[in-house]
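# Chains, contacts and geometry: an overview
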Amino acid sequence: MKRFLYSVAVVAVTMLAMTACTTNSKTTNDVNNFRIKRGTNLSHWLSQSTERGEGRRLHIQEDDFARLDSLGFDFVRIPIDEEQFWDEDGNKLPEAWDLLTNALHLAAKHHLRAIVDLHIIRSHYFNAVNENGANANTLFTSEKSQQDLINMWYQLSDVLKGFSNDSVAYEFMNEPVADEHEQWNAVIVKVHRALREREPQRTLVIGSNRWQGYETMKYLKVPEGDKNIVLSFHYYNPMILTHYGAGWTPIGKYRGKVNYPGVLVSQEDYDAAPDSLKPELKPYLTQVWDVNKIREDFKDAIAVAKKYGLQLFCGEWGVYEPVDRELAYKWTKDMLSVFNEFNIAWTTWCYDADFGFWDQKKHDFKDKPLVDLLTEGEGLKE
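Counting starts from 1 at the beginning of each chain's written sequence and moves along it residue by residue. Since the coordinates come from a predicted model, pLDDT governs what is reported: local features require at least 70, and pairs of side-chain atoms require 80 or more to be given and counted, while whole-chain, interface and lining totals use all residues. Each side-chain value is worked out from all heavy atoms of the structure, with water and hydrogens disregarded.

## Examining the packing of aromatic side chains
What counts as a ring pair is set by centres within 6.5 Å for rings of Phe, Tyr and Trp (its six-membered ring), and what kind of pair is set by the plane angle: stacked under 30 degrees, edge-to-face over 60, tilted for all other angles. As enumerated under the stated definition, the model contains 24 aromatic pairs in all. Through a chain of ring-to-ring contacts, the aromatic side chains of Phe73, Tyr214, Phe233, Tyr235, Phe298, Trp317, Trp331, Phe339, Trp346, Tyr351 and Phe357 assemble into a single cluster. The lysine or arginine in question, lysine 278, covers the ring of tyrosine 270, its NZ or CZ lying 5.5 Å from the ring centre. Think of it as a cone above the ring: NZ of Lys or CZ of Arg counts as a charge over the ring if it is within 6 Å of the ring centre and within 35 degrees of the ring normal.

Given below as structure tokens:
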């Protein structure tokens, strides 16, 4: 009997090992089941936030993942910043790592896939300028900075490689801003090669240069023959609508009327605006903005994804909270229409910050009609 039980145990262990090998040892010719459709960014938590300690630990909890699952979202994008995960000497800051791995476990528990997005690093910030207004990033001109980026991904891979290739993807870096497109393409080659040596099968998300702009997708060079890549772009146009009242942008200082769809600013409102804003407003005097304009803007990104046979993903899009809600909903409907038409996956910017639909302090929706719009219709089919 003991020998029989031992034999059964050996067979069971062997079968489990074979299953594990089948799951984790695919070749790069195999395509993962990292399938995504609609999600949101868990922003201003492990990125773009000074919150630490208990406040950071309590910011995103299991009920957030359960809520997103119940609403019909199928994945999340989790931005992370170098300064939260490593100190200036390159030492790991353990709590952030624990929060990230716990979040990935909770996402999987609640049927959500996840993209880990390296959002801001010390050698690259998407809004970095020097005193002369020029690009202040060192990433594209420094071999050391590029190796530092690779080393960060080595360390992230060491911790995250145990997560299923079907449930967790890596996004190289958020919104690259290289002076020349080929500078970003050269970094892509290096990071892609380094990660493929460690994780041949992991789904990798690669964005276009110049703030992940849709208009620069055509300059993106994608590693050939790798089907476990998702191509990413961001879209906030027209900024006069999506960033109305956003004081950190020039157009956000405009306080006149905005129309959508149609011509966004009337001649009367343009004439009444301060002279200092007129150069910002002029493009909106003649261009008609509607679903057709959005479709036209997306065409290069769609063509690149078709060329490489890869999933296309809009990693950021959304409307600032103070924007007139009826205008916001009209624009959102048009965006969703184009996403659905061309099978473009998306994550809104964002879940609970100033572009979001959930209020963490009140523990309630701050824009239920918006989330209803986002989640209506058919979800991802497994």
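After presenting the structure, the write-up continues.
## Thoughts on the nonpolar core
Only buried Ala, Val, Leu, Ile, Met, Phe, Trp, Tyr and Cys residues count toward a nonpolar core, and they belong to the same one when joined by side-chain atoms within 4.5 Å. Partly exposed residues are those whose accessible area sits between 20% and 50% of the maximum for their type, while under 20% is buried and over 50% is exposed, using a 1.4 Å probe and protein chains only. Core analysis: the biggest nonpolar cluster contains 110 residues, and Ile78, Leu100, Leu231, Phe233, Tyr235, Phe298 and Phe357 have the highest contact counts within it. By definition, residues are in contact when any of their heavy atoms lie within 4.5 Å. With sequence-adjacent residues up to four places away left out, phenylalanine 233 is seen in contact with Ser208, Gln212, Tyr214, Met217, Phe298, Ala301, Leu312, Phe313, Cys314, Gly315, Glu316 and Ile344. Within the second largest apolar cluster, nine residues are counted, among which are Ile36, Ile115, Val230 and Ala345.

## Remarks on the pairing of strand β5 (residues 204-207)
The way it works is that DSSP assigns letters per residue, a run of H or I at least four long becomes a helix, a run of E at least two long becomes a strand, and they are numbered from the N terminus. Side chains Leu204 and Ile206 of β5 all project onto a buried face; the interleaved residues Val205 and Gly207 project onto the opposite face, where all are buried too. Paired strands, in this sense, are two strands between which DSSP finds at least two bridges. Here strand β4 (residues 168-171) runs beside β5; their pairing, made up of two bridges, is parallel. Looking at β5, one finds that glutamate 171 is bridged to valine 205. In the classification by handedness, the crossover that spans β4, the intervening helix α7 (residues 181-198) and the parallel β5 is right-handed. Both β5 and strand β6 (residues 229-234) contribute to a ladder of four bridges, which runs parallel. In the sheet register, isoleucine 206 faces β6, and the bridge partner there is leucine 231. Orient the strands so they point away from the viewer, and a crossover whose first-strand-to-second-strand path over the helix runs clockwise is right-handed.

## Points about the sheet that holds strand β3 (residues 113-120)
Spatially, the eight strands close up into a barrel ordered β1-β2-β3-β4-β5-β6-β9-β10, and their pairing is parallel. Each neighbouring strand pair of the sheet contributes to a mean axis angle of 25 degrees, computed without reference to strand direction. Docked against the sheet, α7 engages β4, β5 and β6, running at close to 175 degrees with respect to β5. Helix axes are fitted to C-alpha atoms over the stretch in contact, other axes to C-alpha atoms as well, and angles between N-to-C directions run from 0 to 180 degrees. The strands that helix α12 (residues 291-308) touches are β6 and β9 (311-316); relative to β6, the one it contacts most, it runs at about 175 degrees.

## Quick word on the side chain of threonine 375
Structurally, threonine 375 can be placed in helix α14 (residues 368-375). Ignoring any residue separated from it by four or fewer positions in sequence, one finds threonine 375 in contact with Arg38, Leu71 and Phe73.

## Considerations on the packing of helix α13 (residues 325-341) against α14
In helix packing, the relevant descriptors are the interaxial angle and the interaxial distance, both defined with respect to the helix axes. Where α13 meets α14, the closest approach of the two axes is 10 Å, and the angle between their N-to-C directions is 10 degrees. The angle between the axes of α13 and α14 places the two elements in the roughly parallel class. Only Pro369, Leu370, Leu373 and Leu374 of α14 make contact with α13, whose side of the interface consists of Arg325, Tyr329, Thr332, Lys333 and Leu336. When grouped by side-chain class, the residues that make up the contact of α13 with α14 number six nonpolar, one polar and two charged. For classification purposes, angles smaller than 35 degrees are called roughly parallel, those larger than 145 roughly antiparallel, those between 65 and 115 roughly perpendicular, and all remaining angles oblique. All amino acids are sorted into three groups, where Ala, Val, Leu, Ile, Met, Phe, Trp, Tyr, Cys and Pro are nonpolar, Asp, Glu, Lys and Arg are charged, and the leftover types, Gly among them, are polar.

## Some points on the pairing of strand β2 (residues 75-81)
Of all seven residues making up β2, seven are buried, and the element is well covered by its neighbours. Side chains Phe75, Arg77, Pro79 and Asp81 project from β2 onto one buried face, and the interleaved Val76, Ile78 and Ile80 project onto a second face that is buried too. Relative to β2, strand β1 (residues 38-41) runs parallel, the two sharing three bridges. Residue pairing across strands places threonine 40 opposite valine 76, the latter belonging to β2. Relative to β3, β2 is paired through seven bridges, and the arrangement is parallel. Opposite phenylalanine 75, over in β3, you have arginine 113 as the bridge partner.

## A short note on the packing of helix α6 (residues 143-160) against α7
The interhelical angle for the contact between α6 and α7, taken along N-to-C directions, is 30 degrees, at an axis separation of 10 Å. As summarised for this structure, α6 and α7 are arranged roughly parallel, according to the angle between their axes. As α6 runs across α7, the sense of the crossing is right-handed. Judged by residue contacts, Glu143, Gln146, Leu149, Ile150, Trp153, Tyr154, Ser157 and Asp158 of α6 engage Val187, Lys190, Val191, Ala194, Leu195, Glu197 and Arg198 from α7. For the contact of α6 with α7, the class distribution of residues is eight nonpolar, two polar and five charged. Crossing handedness: left-handed means the near helix sits turned counterclockwise from the far one by under a right angle, and right-handed means the same turn made clockwise.

## A short note on the side chain of lysine 293
Looking at the element boundaries, lysine 293 is found in helix α12. On the basis of relative accessible area, lysine 293 is assigned to the buried category, the value being 16%. For this analysis, a polar contact is any N or O atom pair within 3.5 Å, provided that within protein one partner can donate a hydrogen and the other can accept it, and provided that sequence-adjacent residues contribute only side-chain to side-chain pairs. Looking at lysine 293, its side chain comes within polar contact range of the side chain of aspartate 297, at 2.7 Å. Not counting the four nearest positions on each side in its chain, lysine 293 is found in contact with Gln287 and Val288.

So, to be careful, I would describe these as geometric facts and stop short of saying anything about function.
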